[in-house]
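# A structural walkthrough
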Protein chains: 2
Amino acid sequence: MRLALLQLNPTIGDLAGNADRIERAVRALPAEVDLAITPEMSLTGYPPRDLLLEPGFVARSAELAAVLARHLRDRCPVLLGVPERNPAPQGRPLFNAAALLEEGRIAYWVRKSLLPTYDVFDEDRYFEPSSGGQTIPIAGRRVALSICEDAWNDRDFWLKRRYHVDPIEIADRAGADVLVNMSASPFASGKQDLRERMLSSLARKHDLVVAYVNQVGGNDDLVFDGRSFVVAPSGEVIARARAFREDALVVDLTKGTAGGPLSAVEAEEEEIYAALVLGTRDYARKCGFSRVLIGLSGGIDSALTAVIAAEALGAANVLGVLMPSPYSSGGSIDDSLDLARRLGMATETLPIAPIMAAFDDVLAAPFARRLPDATEENIQARIRGNLLMALSNKFGALLLTTGNKSELAVGYCTLYGDMSGGLAVIADVPKTMVYRVAAWLNGRREVIPPAILTKAPSAELRPDQTDQDSLPPYDVLDGILDRHIEQHESCEDIVEAGYDPATVRRVLGLVRTAEFKRKQAAPGLKVTDRAFGSGWRMPIARGDWDAGASSAR
Amino acid sequence: MRLALLQLNPTIGDLAGNADRIERAVRALPAEVDLAITPEMSLTGYPPRDLLLEPGFVARSAELAAVLARHLRDRCPVLLGVPERNPAPQGRPLFNAAALLEEGRIAYWVRKSLLPTYDVFDEDRYFEPSSGGQTIPIAGRRVALSICEDAWNDRDFWLKRRYHVDPIEIADRAGADVLVNMSASPFASGKQDLRERMLSSLARKHDLVVAYVNQVGGNDDLVFDGRSFVVAPSGEVIARARAFREDALVVDLTKGTAGGPLSAVEAEEEEIYAALVLGTRDYARKCGFSRVLIGLSGGIDSALTAVIAAEALGAANVLGVLMPSPYSSGGSIDDSLDLARRLGMATETLPIAPIMAAFDDVLAAPFARRLPDATEENIQARIRGNLLMALSNKFGALLLTTGNKSELAVGYCTLYGDMSGGLAVIADVPKTMVYRVAAWLNGRREVIPPAILTKAPSAELRPDQTDQDSLPPYDVLDGILDRHIEQHESCEDIVEAGYDPATVRRVLGLVRTAEFKRKQAAPGLKVTDRAFGSGWRMPIARGDWDAGASSAR
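All of these numbers come straight from a predicted model, not from anything done at the bench. Numbering of residues starts from 1 in every chain and runs along the sequence as written. Chain labels run from A onward and ligand labels from 1 onward, assigned in the order the entries are written. Residue-level local features of this predicted model are given only where pLDDT is at least 70; pairs of side-chain atoms are given and counted only at 80 or more, and the full residue set underlies all totals for whole chains, interfaces and linings. Hydrogens are left out, water is left out, and the side-chain values use all remaining heavy atoms of the structure.

Turning our attention to the overall build of chain A. Here a strand is any run of E in DSSP of at least two residues, a helix any run of H or I of at least four, and the numbering for each starts at the N terminus. Scanning chain A for helices and strands turns up 17 helices and 19 strands. Its C-alpha radius of gyration of 26 Å places chain A within 12% of the 24 Å reference for a compact globule of 553 residues. Overall, the C-alpha framework of chain A stretches about 85 × 55 × 50 Å when taken along its three principal axes. Each of the 553 residues in chain A was classed as buried or not, and the buried ones make up 63%. Any two residues whose heavy atoms approach within 4.5 Å at even a single point are treated as in contact. When contacts within chain A are restricted to residue pairs at least 6 apart in sequence, those whose partners lie at least 24 apart make up 73%. Carbon together with sulfur atoms contributes 51% to the accessible area of chain A, which is approximately 18,600 Å² in total. Side-chain charges of chain A comprise 62 positive and 74 negative groups, with the mean position of each set lying 3 Å from the other. Every radius of gyration here is taken over C-alpha atoms, with the globule rule written as 2.2 Å times N^0.38, N being the number of residues. Relative accessibility under 20% of the residue-type maximum defines a buried residue, over 50% an exposed one, and the middle range a partly exposed one, all with a 1.4 Å probe and only protein chains included. Residue burial considers only the protein chains on display, and all accessible areas are found by Shrake-Rupley using a 1.4 Å probe. Here Asp and Glu are counted as negative and Lys and Arg as positive; His is not counted, and neither are the chain ends. For the purpose of locating charges, the reference atoms are NZ of Lys, CZ of Arg, CG of Asp and CD of Glu.

Here is the structure:
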């Protein structure tokens, strides 16, 4: 039996374009394939979100699925991911489904049973669950068909199970010897290892071949890493598609463990970098931009963002904008120019002192008898935001925001200032990881001037300022943030782990207070298990349940 | 039997404060009450969102529920809304529950069966459904206990049902003669009528008294309107609590239809206005602000926002900021000053021409040989945003945004400019409704200068500009937007309803393109069935499935 795993990069909502992409991918396959498998919701792109609430969108998807079946009547059967209307008078309106295109028609419908509704996923919002365990005969084998989460509820692998049924167990009882899983699983650092361990465990337990087909590409805050793979019943991964790009993996199951190409899985810094490059490239491309702008501050965050942008879109399509103020160090300007030279990108320098002076004049009366404070720092940041957006508007280039996750967590950033932009490239990368990725990059080739990596981080919004005037050291800060944000730990829990109580209280208070800024942040590319994006849903106006617990210590 | 419906306004996450509020409300009741009922999740406030993912938060809620039971041991039984940990090894981590506090302990747990996961609701993200139909004996009656959505799945009332079970039917079979429903149902214009029709129909069908207790208060984008009520088995509403404020409704069921006070339900303009006032007051208060700022343009949107702010916080706590440019008409300045005089609010005038000139100078080189376009208009809007935020930062006043729903839908607004602010007061009010609410207000007392209501709407960002240079007339625009946004209609559907195809295509294209702006918008108070807030989840980077359908006509 020969399976083709079509690891595709659809554009959400571009039904005609996606159908065309699928048709071309199937036509490019060798003749002897028995089944071609596309990712979950391959016709709509995943996640289609509230497009699914438009009946016209669902109807058009169904029409195009039928058209695609006719176009591919002379080809192998194809599993196409597409929403299906729930015909019942009760229950949610749709199924998260897949259509088996065979001999010019839709021969079979597969419906997803387990609907993720946590983190970035909202599937219960749209879909009715199926009862699971569908199998069909193909090329003399019994093939179990499953969609993404369906395979993620094994009682032996998980300590705590979110669902009450296990569709794979049901399929095993029905005699399946191949398990197909159509997925759209977003990237997070280290996740491929979990996927492979989990599906290897399933393969061994049920004595199955597992063919896992993942979507690839960036869709707003989510980056899909691809890395589709095939596991033998022994649990061995016998083939793996490439990461972060489209691929077609053809595997001949009769050949045992000599299944197919086996792409390597990258180290953490490398996979994060690759995810950010793809996420940036696809956000720009799918929004219709070919050029981007970045404000260059001379710091590590804007330097890393510039490297990513240059790799994603080509250095010729990246403009670095320097906007020195009287508080900018000469080093910052030189370092930014050095960076641009190394990357081969153009720069523009727009000194902001005259605009600062104009604001000072206009605000002189209302601010009389008031001391300077963060207000004046924010005015500078917002002048820069305005200049960057003006360049973006005038030249049709996408502005990239350069803030990191640690800053965004504690609100060490200016709303409408340095937070301005269409995409926040490293908004889910903690500052300590920003340094690690930069060091890894420079290990390949020294693209970032060493001075940028070694100087003390500073916003340079007042004389001699450094980040550590306002924040704990970044290794301490990131330790606290990881426990609170990713592990859901309370103030008390974190203090018990050995952190200074006053520091923990202060950091958690800052995280709470900064919620209004994150509400208005640009989409940020998710690379950790919990990002401040569509998977972070926190009230803004709220009381502090945790203060008593911590101050009582 | 005497029931007390405690219509409370909790602050989300302020567990200790909410417990104290509940205790005081119960202690203030007359002695002969048999059961006091608080709203859904009354201890945490609704919606607690991802606070529910913090185990410490859930544990502290349980502790405080037990404390509250002990404090109220000498009082009548109390139904308290509180999350309950799901002890099972499978399923979602919590129940959306209520504890019956009786004789110093938690005597009974009620668990919600139907978990809304649509629009602004995400309950499947946190909660495991119960199997429904719980009844308990109280004061000689059999009382069915239900939580909000549990009562919203009657097969005779709804054409299409979202859930497979009806907890009320189960409770009826168990012999219930009183139905208690603990709710947190957000306001939308016209919704009270639906609630009362639906529960009247249930009361008649099952021959039950229905006691419906709703939360009141603003929580970010959601405003809860209260209006708790009691329905007799005849279907008649025999008591209704006040709208948009805390209340305690005590009803003696032995007295038949002479149940209790019966507050009136307001007309559409009045209820929308009241919702916006409460939403603004509570957002400011719960975020810790006593003062607000508004940019006054001389237009109807900022005028209405100013009236709302003055009513919400007192005119002495509202500052109107005029920021005239060379394109501002003299009328706009006079009208704004007139409005401020009528409201009794202070103003500050900050002419922006010198700052515009400074930007022109700095951008002269990069913009050489480019014609003026929307870029220059956006620069002005962003200068104003910067000034408003500077005043907000310096004086600790919350900046209110003044854009309406029609503008936000089509992107006729400047990101980081007039979109700047912590709360978008009228962001869910279509422009035609802005006029209706303003006219209703002026019918009470002429607070808005008539010139503001009669002049042609204009952004005044270039000479002689009016909104209708760029947009269709607002009645046409709002008609198209309502069909697309609230009724989920496609381009084809709307054209079939009689709208001009080119106009529909243009408007829907603008809605799609403006998604990146809405992603970064301030929270806006929801007053329609579908707002651009937590219930609108649309991809930004996306293709256009609908273009072909419409251009093919």
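This part is about the pairing of strand β11 (residues 222-225) of chain A. The side chains of a regular strand alternate, first on one face of the sheet and then on the other. On β11 of chain A, burial covers both faces: Leu-222 and Phe-224 of chain A on one face and Val-223 and Asp-225 of chain A on the other are all buried. Note on pairing: two strands pair once DSSP finds at least 2 bridges between them. Hairpin connection from strand β10 (residues 216-219) of chain A to β11 of chain A: 2 residues lie between these consecutive antiparallel strands, with Asp-220 of chain A at a positive phi of about 55 degrees.

Turning next to the interface of chain A and chain B. The interface is formed by 95 residues belonging to chain A together with 94 residues belonging to chain B. Two parts placed together each lose some accessible area under a 1.4 Å probe, and the buried area is that loss summed for both. Between chain A and chain B, a total of about 8,400 Å² is buried, with carbon and sulfur atoms accounting for 56% of that surface. Per-residue buried area on chain A facing chain B is highest for Arg-125, Lys-394 and Trp-545 of chain A; these three make up 10% of the total on that side. In what follows, salt bridge is the name for a side-chain nitrogen of Lys or Arg lying within 4 Å of a carboxyl oxygen of Asp or Glu. Here chain A and chain B share 10 salt bridges between them.

Residues and elements named next belong to chain B. One way to put it is that helix α13 (residues 474-486) packs onto helix α15 (residues 501-513) with a least axis distance of 10 Å and a crossing angle of 65 degrees. When you trace α13 past α15, the crossing you get is right-handed. Taken together, the residues of α15 that come into contact with α13 (itself represented by Val-476, Leu-477, Ile-480, Leu-481 and His-484) are Thr-503, Val-504, Val-507, Leu-508 and Val-511. By the convention adopted, Pro, Cys, Tyr, Trp, Phe, Met, Ile, Leu, Val and Ala count as nonpolar, Lys, Arg, Asp and Glu as charged, and the other residues, Gly among them, as polar. Its residues placed into classes, the contact of α13 with α15 shows 8 nonpolar, 2 polar and no charged. Axes here refer to lines fitted to C-alpha atoms; in helices the fit is confined to the stretch in contact. Angles between the N-to-C directions go from 0 to 180 degrees. Put simply, a crossing is left-handed when the front helix is turned counterclockwise from the back one by less than a right angle, and right-handed when it is turned clockwise.

Turning our attention to unusual backbone geometry. Residue and element names in this part refer to chain A. With an omega dihedral of 0 degrees, the bond running from Tyr-46 to Pro-47 counts as a cis peptide bond. Along the polypeptide, Pro-47 turns up in the loop between β2 (35-37) and α2 (55-71). Phi at Met-41 is positive, roughly 50 degrees, even though this residue is not glycine. Here Met-41 shows up in the loop between β2 and α2. Of the residues examined, Met-41 reaches a relative accessible area of 0% and is grouped as buried. Phi angles above zero are rare outside glycine, and Asp-119 is one such case at about 45 degrees.

Below, the discussion takes up the nonpolar core. Throughout this description, the term nonpolar core refers to a set of buried Ala, Val, Leu, Ile, Met, Phe, Trp, Tyr and Cys residues connected via side-chain atoms within 4.5 Å. Judged by nonpolar contacts, the single largest core of 178 residues is most densely connected at Phe-359 and Leu-387 of chain A together with Phe-359 and Leu-387 of chain B. With residues up to four places along the chain from it excluded, the contact list for Phe-359 of chain A reads Ile-379 and Ile-383 of chain A together with Ile-355, Phe-359, Ile-383, Asn-386 and Leu-387 of chain B.

Moving on: the relation of the copies chain A and chain B. Between the two copies of this chain, the relationship is a rotation about some axis together with a displacement along it. With an axial shift of 0.0 Å and an RMSD of 0.0 Å, the rotation relating chain A to chain B amounts to 180 degrees. Taken together, these values place the two copies in the relation of a two-fold axis. Within chain A, Gln-520 of chain A has its C-alpha nearest the rotation axis, a separation of 2.1 Å. A high fraction, 99%, of the interface residues of chain A reappear at the interface in chain B, so the copies pair face to face through one surface. Fitting of the copies onto one another was done by least squares over C-alpha atoms, counting residues only where both copies have pLDDT of at least 70.

Residues and elements named next belong to chain A. The residue Glu-460 is located in the loop between α12 (450-454) and α13 (474-486) in this model. For the buried Glu-460, no salt bridge exists, and the shortest N-O distance to an oppositely charged side chain is 5.8 Å, to Lys-455. A polar contact is formed between the side chain of Glu-460 and the side chain of Ser-329, at a distance of 2.8 Å. Excluding residues that lie within four positions of it along the chain, Glu-460 makes contacts with Ser-297, Ser-325, Tyr-327, Ser-328, Ser-329, Ser-332, Gln-380 and Gln-465. For the purposes of these results, a polar contact is taken to be a pair of N or O atoms within 3.5 Å, where, inside protein, one atom must be able to donate a hydrogen and its partner to accept one; residues adjacent in sequence count only when each atom of the pair is a side-chain atom.

This part takes up the pairing of strand β10 (residues 216-219) of chain B. Residue and element names in this part refer to chain B. Neither face of β10 is exposed, since Val-216 and Gly-218 on one face and Gly-217 and Asn-219 on the opposite face are all buried. Summarising the sheet, β10 and strand β11 (residues 222-225) pair through 4 bridges and their orientation is antiparallel. Paired with Gly-217 across the two strands is Phe-224, which belongs to β11.

Residue and element names in this part refer to chain B. Pairing is mixed across the open sheet formed by 6 strands, whose spatial order is β6-β7-β8-β9-β12-β13. Single-partner strands in this sheet number two, and they are β6 (134-138) and β13 (237-240). Neighbour-to-neighbour, the strand axes of the sheet open up by a mean angle of 20 degrees, direction not taken into account. Across 3 bridges, the pairing between strand β9 (residues 209-214) and strand β12 (residues 229-231) is antiparallel. Paired with Val-210 across the two strands is Val-231, which belongs to β12. Here helix α4 (residues 191-206) sits on the sheet in contact with β8 (178-183), β9, β12 and β13, set at roughly 30 degrees to β12.

Take the environment of Gln-380 of chain B next. For Gln-380 of chain B, the location among the structural elements is in helix α9 (residues 374-395). Dropping the residues within four chain positions of it, Gln-380 of chain B is found in contact with Ser-325, Tyr-327, Ile-352, Met-356, Glu-460 and Leu-461 of chain B.

The subject of this paragraph is helix α7 (residues 330-343) of chain B. Residue and element names in this part refer to chain B. Working rule for helices: expected span equals 1.5 Å times residues minus one. End to end, α7 covers 20 Å across 14 residues, agreeing with the expected 20 Å (1.5 Å per residue, within 8%). Along α7, the positions that sit buried rather than exposed are Ser-332, Asp-335, Ser-336, Leu-339, Ala-340 and Leu-343. Along the axis of α7, the buried positions cluster into a sector of 135 degrees, meaning they face one direction only. Those residues of α7 that are buried lie in contact with α6 (300-313), β16 (318-322), β17 (346-349) and α12 (450-454). Two residues or fewer past α7, Gly-344 is found with a positive phi of approximately 80 degrees. This arc describes the spread of directions from the helix axis toward the C-beta atoms.

Moving on, we get to the pattern of salt bridges. Two side chains bearing opposite charge may form a pair once their charged atoms approach each other closely. Under the definition given, this model contains 92 salt bridges over all chains. With a shortest N-O distance of 3.0 Å, Arg-285 of chain A and Asp-282 of chain A are connected by a salt bridge. With Arg-285 of chain A and Asp-282 of chain A both in helix α5 (residues 268-286) and 3 residues apart, this pair spans about one turn of that helix. The closest approach of N and O atoms between Asp-335 of chain B and Lys-455 of chain B, which form a salt bridge, is 2.8 Å.

Helix length check: helix α5 (residues 268-286) of chain B (19 residues) gives 26 Å between terminal C-alpha atoms against 27 Å at 1.5 Å per residue, within 8%. With 14 of its 19 residues buried, α5 of chain B lies for the most part within the structure.

The subject of this paragraph is the packing of aromatic side chains. Think of it this way: a Phe, Tyr or Trp ring, Trp meaning its six-membered ring, pairs with another when their centres are within 6.5 Å, and the plane angle makes it stacked under 30 degrees, edge-to-face over 60, tilted otherwise. Within the structure shown, the criterion is met by 23 aromatic pairs over all chains. For the pair Tyr-46 of chain A and Phe-224 of chain A, a centre-to-centre distance of 6.4 Å together with 90 degrees between the ring planes defines the contact as edge-to-face. Residue Tyr-46 of chain A is located in the loop between β2 and α2, and its partner Phe-224 of chain A is located in strand β11; the two are separated by 178 residues in the primary sequence. A relative accessible area of 0% means that Phe-224 of chain A is categorised as buried. Relative to Tyr-416 of chain B, the ring of Tyr-416 of chain A lies with its centre 6.3 Å away and its plane at 45 degrees, an arrangement referred to as tilted.

With that settled, consider the confidence of the model for chain A. All names here are of chain A. Summarising the model, chain A shows a mean pLDDT of 95, and 98% of its residues fall at 70 or more. pLDDT expresses, on a scale from 0 to 100, how confident the predictor is about each individual residue. Predicted confidence for residues 548-553 stays below pLDDT 50, and this span has 7 contacts to residues more than four positions away or in other chains. Scored as a whole, the predicted complex attains pTM 0.96, and scored at its interfaces, ipTM 0.96.

Strands pair in a sheet through their backbones, by hydrogen bonds, and they do so in one of two ways: parallel or antiparallel. Residues and elements named next belong to chain B. If you trace the 5 strands from one edge of the open sheet to the other, you get β17-β16-β15-β18-β19, paired in parallel fashion. Strands at the two margins of the open sheet, each flanked by one partner only, are β17 and β19 (423-424). In this sheet, strand β18 (residues 398-401) lies alongside strand β15 (residues 292-295) in parallel orientation, the contact comprising 3 bridges. Its bridge partner lying in β18, Ile-294 is registered against Leu-400. Sheet strands in contact with α6 are β15, β16 and β18, and its direction is about 170 degrees off that of β15.

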